[in-house]
Amino acid sequence: MAITDRPGAPAAGRRRVLRVRFTTIAAAVFVLVTLACRLWILEPVAVQSDSMEPTVKAGSLVFVFKPGPELSGVHSGDLVVFPSPVDGTPLIKRVVAVGGQQIEVQDAVLYVDSSPVDEPFVDLATIDGTYYPRTDVPDGTVFVMGDNRERSIDSRDYGPVSLEDIDGLVLGAKP
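Residues numbered from 1 in each chain as written. Predicted model: local features only at pLDDT ≥ 70, side-chain atom pairs only at ≥ 80, totals over all residues. Heavy atoms only, no water.

Time to look at the confidence of the model for the chain. Mean pLDDT over the chain: 87, with 90% of residues reaching 70 or higher. Averaged pLDDT values over the elements of the chain bottom out at 77 in helix H1 (residues 9-40) and peak at 98 in strand S9 (residues 141-145). (pLDDT = per-residue confidence, 0-100. Helix = DSSP H or I, 4+ residues; strand = E, 2+ residues; numbered from the N terminus.)

Rendered as structure tokens:
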């Protein structure tokens, strides 16, 4: 008696083939959804610099919500990711002012529209005596600074960042 001559053998074989096809299709869909999420929604980024310490430490992994700027806008206090104007590598910085605002730094204290900004995550003792002249932030741009002001290369060096250049918002990084 051949294997296919046993009662129920063809039905069991069909179920096995259907199960294998279903598993293969489910795995392919999972991989495609994961890639789509990675490309267009949520991207992990390894932090290589200490310019955002103590909020984000070098060696940390953060998640960038790519549609964030389009969905909720970009606001003061947001951590954003954008390509470095110098070499194109991804940078993470804090938005300290948006278009239409005016910033300046007096004796290490950040002022936005002539009001001091409370920044408990910035160690003022390490940057005591630091000044940055009063600067208007153009519409369509943001002024960004690292939380580790002593070690950060930011808008004080390369100017405001265009909203179009922002790749996404960093999720869950709170001081």
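Further notes follow.
In this section: the nonpolar core. Formed by Val-74, Val-80, Phe-82, Leu-91, Val-95, Val-142, Val-144, Tyr-158, Val-161, Ile-166 and Leu-169, the largest nonpolar core amounts to 11 residues. Within the residue set of this core, elements represented by two or more residues are strand S3 (79-83), strand S4 (90-98) and S9. Beyond its immediate chain neighbours, meaning those up to four positions away, Tyr-158 contacts Phe-82, Pro-85, Leu-91, Lys-93, Val-144 and Ile-153. (Core = buried A, V, L, I, M, F, W, Y, C linked by side-chain atoms within 4.5 Å. Buried < 20%, exposed > 50% of the residue type's maximum accessible area, 1.4 Å probe, protein only. Contact = heavy atoms within 4.5 Å.)

Moving on, we come to the pairing of strand S6 (residues 109-112). Across four bridges, the pairing between strand S5 (residues 102-106) and S6 is antiparallel. Looking at S6, one finds that Glu-104 is bridged to Tyr-111. Counting the residues that bridge the hairpin from S5 to S6 gives two residues, and of these Asp-107 lies at a positive phi of roughly 50°. From the end of S6 to the start of strand S7 (residues 115-116), which pair antiparallel, there are two residues, and Asp-113 there has a positive phi angle of about 50°. (Pairing = 2+ DSSP bridges.)

Spatially, S1-S2-S11-S3-S4-S9-S10 is the arrangement adopted by the seven strands of the open sheet, whose pairing is antiparallel. Only two strands of the sheet have a single neighbouring strand rather than two, namely strand S1 (42-46) and strand S10 (161-162). In terms of strand pairing, strand S2 (residues 61-65) meets strand S11 (residues 168-171) through three bridges, oriented antiparallel. Each bridged residue has a counterpart across the sheet, and for Phe-63 the counterpart in S11 is Leu-171.

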